[in-house]
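# Breakdown of the fold
These are the residues of each chain, in order.
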Amino acid sequence: MATAVLTGRLLLVAVLLLVLAGAAAAVPQGPDDSPAAMGRDGLAATPPMGWNSWNAFGCDIDEAKIRGVADALVASGMRDAGYRYLVVDDCWFDPRRGPDGQLRAAPDRFPGGIPALVRYVHERGLRFGIYLSPATRTCAQYAGDYPGATGSRGHEVQDAGTIAAWGADYLKYDWCSPSGDLGDLVAGFRLMRDALRATGRPIVYSINANSHQDANPGETHDWSGLANLSRTTQDITAAWHTGLRGAGCLGISDIIEVNAALAARAGPGHWNDPDMLEIGVPGTEGLPGLTPAEARTHLGMWAMMAAPLIAGNDVRSMDAATRDLLTNRDVIAVDQDRLGRQGRRIRGTDVQVWVRPLVEGVAVAVYNRGDATADMAATTAEVGLPPARGYLVRDAWSGRQWTSTGALTAAVGAHDTALLVVRPLP
Ligand code: GAL
């Protein structure tokens, strides 16, 4: 009798569970905005590397320049060092959409059309990227520097289909409007993320939520489930320090301070984007540009922060020092380490010690933000390495190697960064 009652109860529970499971299945699932979903397709498994037209050329772009850049990326060794995505930024489009609403290339700037340009780029072993805005105007249109209002609002599916059919491999999607609250931004960026996925073409998705948004939503909100890379600050400029944050361009040292706090968001498929490189870009508006030490800090700290490395200089005419810095294989290897962890500051204000765990060992940076040369001493235990009979230390700038029993020391000039890769000896 007791057994019969128990069996009856068990049956009832089983039926109830089935009903509940059915009800759960019937509830429509919300969008999957998890960072894990962003990384699932393997896109941007390491931070994307490439070149973008904005920092060198601004709005002044055309087909001949972009082809010249493609050739120079190959001839200079940049492509083979990893700079694969050639991204055409703002001002490439016809200010008017076609009669069917389709985006078209500006006929005077790109007379051969985008598909032919994409073929040219692909034939050189590069990938092609392009720029759009989720609002009604791109940033140059909003600023009045370029005519028209060809933003993608209301055209998301059509525009994703267009660039996919053209063979694009990367989209930079830039908010460019003071209007819209956080909910609008999330919805707008999600629409394009899903429209790109629906094309079936692997297209790296790079977003900027900050442009014309004074509250810096790119910094204050976590976008890691919505895009492969998301801009954390306002625009970069070729300067060490501007002191500006929400209302103007930032220097290298300003950006590092903002990006340092956001390390937890970064991982394979979703990276913090502290903006494109200014190495080899002359200063503008009375700013002096970067010294060699500052340029080293720029690349070295971007690598420590697992940042996308998108060169912004005119690679057609760069000097040997710029090329050698940009193609430093030890530093690029740190940036591209497949563990995909953004480095963290472990101590310091003017002289900072940063650690980035690698698949094998760690990268240690001593970043000298101050104005005087500094000596730094750290230990392998402090940077998280396990006890070992010794450690192999490699200076990423010079390639010099030595062994240590645990002490790590460096002398670092003002605004410079020492970058050491440290591995336990087997
Ligand atoms: C800015 C963006 C720059 C560049 C520019 C184009 O908002 O941050 O990187 O894309 O728009 O107008």
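Before going into details, it helps to say that this report is about the structure given with it.

Criteria and thresholds
Residues numbered from 1 in each chain as written. Predicted model: local features only at pLDDT ≥ 70, side-chain atom pairs only at ≥ 80, totals over all residues. Heavy atoms only, no water. Pairing = 2+ DSSP bridges. Helix = DSSP H or I, 4+ residues; strand = E, 2+ residues; numbered from the N terminus. Axes fitted to C-alpha atoms, helices over the stretch in contact; angles between N-to-C directions. Contact = heavy atoms within 4.5 Å. Parallel < 35°, antiparallel > 145°, perpendicular 65-115°, else oblique. Left-handed = near helix turned anticlockwise from the far one by under 90°. Phe/Tyr/Trp six-rings, centres within 6.5 Å; stacked < 30°, edge-to-face > 60°. Buried < 20%, exposed > 50% of the residue type's maximum accessible area, 1.4 Å probe, protein only. Core = buried A, V, L, I, M, F, W, Y, C linked by side-chain atoms within 4.5 Å.

The strand order 7-6-5-4-3-2-1-8 describes an open sheet built from 8 strands, whose pairing is parallel. Each edge of the open sheet carries a strand with a single partner, namely strand 7 (271–273) and strand 8 (309–311). Recorded for the sheet is a direction-independent mean angle of 25 degrees between the axes of neighbouring strands. Bridge analysis of strand 6 (residues 229–231) against strand 7 gives 3 bridges, and the strand direction is parallel. Its bridge partner lying in strand 7, Ser230 is registered against Asn272. Against the sheet, helix 6 (residues 114–123) makes contact with strand 2 (85–88) and strand 3 (127–132), and its axis sits at roughly 145 degrees relative to strand 3, the strand it touches most. Sheet contacts for helix 9 (residues 182–199): strand 3, strand 4 (170–174) and strand 5 (204–208); angle to strand 5, the most-contacted strand, approximately 170 degrees.

Next up on the list: the packing of helix 4 (residues 63–75) against helix 6. Their axes nearest at 10 Å, the elements helix 4 and helix 6 cross at an angle of 15 degrees. In terms of axis orientation, helix 4 runs roughly parallel to helix 6. Of the two elements, helix 4 crosses helix 6, and the hand of that crossing is right-handed. From helix 4, Glu63, Ile66, Arg67, Ala70 and Asp71 reach across to helix 6, where they touch Ala116, Leu117, Tyr120 and Val121.

In this description, a pair of aromatic rings is defined by centroid distance and the angle of the planes. Per the counting criterion, the structure on display carries 10 aromatic pairs. Both rings, one in Tyr85 and one in Tyr170, keep their centres 5.3 Å apart while their planes meet at 45 degrees; by these two values the pair is tilted. A residue pair is termed long-range when its members are at least 10 positions apart, and Tyr85 in strand 2 and Tyr170 in strand 4 qualify at 85 residues. With respect to class, Tyr85 is no different from Tyr170; both count as buried. Among the aromatic residues, ring-to-ring pairing joins Tyr173, Trp175, Phe189, Tyr205 and Trp223 into one connected group.

What follows is about the nonpolar core. In terms of nonpolar packing, the biggest core is built from 93 residues, with Tyr83, Leu86, Trp92, Leu171 and Trp302 touching the most fellow members. Sequence-distant contacts of Leu171, defined by excluding residues within four places in its chain, comprise Ile130, Tyr131, Leu132, Ile163, Met192, Leu196, Ile203, Val204, Tyr205 and Ser206. The next biggest cluster of nonpolar side chains, apart from the first, holds 17 residues, and it includes Val355, Val366, Met376 and Ala378.

These values are about where atoms sit, not about what they do.
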